[in-house]
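Structural characterization, general
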Amino acid sequence: MLGLPGRPSVPTAGPADPLAGSPDLTLVIAELCKAQEHLDRVQGVVITALVRCGVLDLTPRQLAILYLLSLQDQQPSKLSKVLFHRDKQIAHHVKQLLARGLVEEYRHSVDRRAKLLHLTPRGLELLRRLGIAEGAARTDGGAA
């Protein structure tokens, strides 16, 4: 199962799962349409919340990156997998977050070739301003 803390897990294939076994493509396409409709609705709610808080220069994907980094430091490739985006798209969003001082990067302590992203105090404060960080974000201000 794939899940994020505080969020329901995505169930693995089961008897009632239209994606189990040899799926009927019609059912799979119907599930894809439902998922896209749900994603559009959720993104609309996020955009409305950003506008209400006066945060007009942050996208829902950038907010998702900040949220995930509030849980623990991450490699960009891991963020890419969690958010189902190609690395190039994640790199674009991360570059903007780095430029705004909301995220910083440092070398991984074990794999010196890898970089880890870390939420800065400024990024954490932005999440708190949006009402996100109270239950999810680290309060230690340090790396995981």
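Now for a look at the structure at hand. This is a predicted model, so every value here is computed, not measured. (Residues numbered from 1 in each chain as written. Predicted model: local features only at pLDDT ≥ 70, side-chain atom pairs only at ≥ 80, totals over all residues. Heavy atoms only, no water.)

Okay, the nonpolar core next. Core analysis: the biggest nonpolar cluster contains 22 residues, and Leu58, Ile65, Leu66, Leu69, Leu79, Leu97 and Leu126 have the highest contact counts within it. Elements with a minimum of two residues in this core: α2 (60-71), α4 (87-99), β2 (115-119) and α5 (121-129). Sorting elements by how many residues they give to this core places α2 first, with six residues. Setting aside chain neighbours within four positions, we find Leu97 in contact with Leu58, Gln62, Ile65, Leu66, Leu102 and Val103. (Core = buried A, V, L, I, M, F, W, Y, C linked by side-chain atoms within 4.5 Å. Buried < 20%, exposed > 50% of the residue type's maximum accessible area, 1.4 Å probe, protein only. Helix = DSSP H or I, 4+ residues; strand = E, 2+ residues; numbered from the N terminus. Contact = heavy atoms within 4.5 Å.)

Right, let's get into the packing of helix α1 (residues 25-52) against α2. Relative to each other, α1 and α2 sit at 85°, their axes nearing to 10 Å. Comparing their axes, α2 and α1 come out roughly perpendicular. For the pair formed by α1 and α2, the contact residues are Gln43, Val46, Ile47 and Leu50 on the first element and Pro60, Arg61 and Leu63 on the second. Split by residue class, the contact of α1 with α2 holds five nonpolar, one polar and one charged. (Axes fitted to C-alpha atoms, helices over the stretch in contact; angles between N-to-C directions. Parallel < 35°, antiparallel > 145°, perpendicular 65-115°, else oblique. Nonpolar A, V, L, I, M, F, W, Y, C, P; charged D, E, K, R; others polar.)

Moving on: α5. Where α5 is concerned, the buried positions are Gly123, Leu124, Leu126 and Leu127. End-on view of α5: buried residues confined to an arc of 155°, all on one side of the axis. Exposed and oriented more than 90 degrees from the buried face of α5 are Pro121 and Arg122. At the C-terminal side of α5, Gly131 shows a positive phi close to 80°. (Arc of directions from axis to C-beta.)

So, on to the pairing of β2. Of all five residues making up β2, four are buried, and the element is well covered by its neighbours. The pairing of strand β1 (residues 103-107) with β2 spans five bridges and is antiparallel. Bridge assignment links Arg107 to a residue of β2, and that residue is Lys115. (Pairing = 2+ DSSP bridges.)

Inspection of the secondary structure assignment puts Gln62 in helix α2. Only 2.3 Å separates the side chain of Gln62 from the side chain of Gln96, close enough to count as a polar contact. When neighbours within four sequence positions are excluded, Gln62 is seen to be in contact with Asp57, His93, Gln96 and Leu97. (Polar contact = N/O pair within 3.5 Å; in protein donor to acceptor, adjacent residues only side chain to side chain.)

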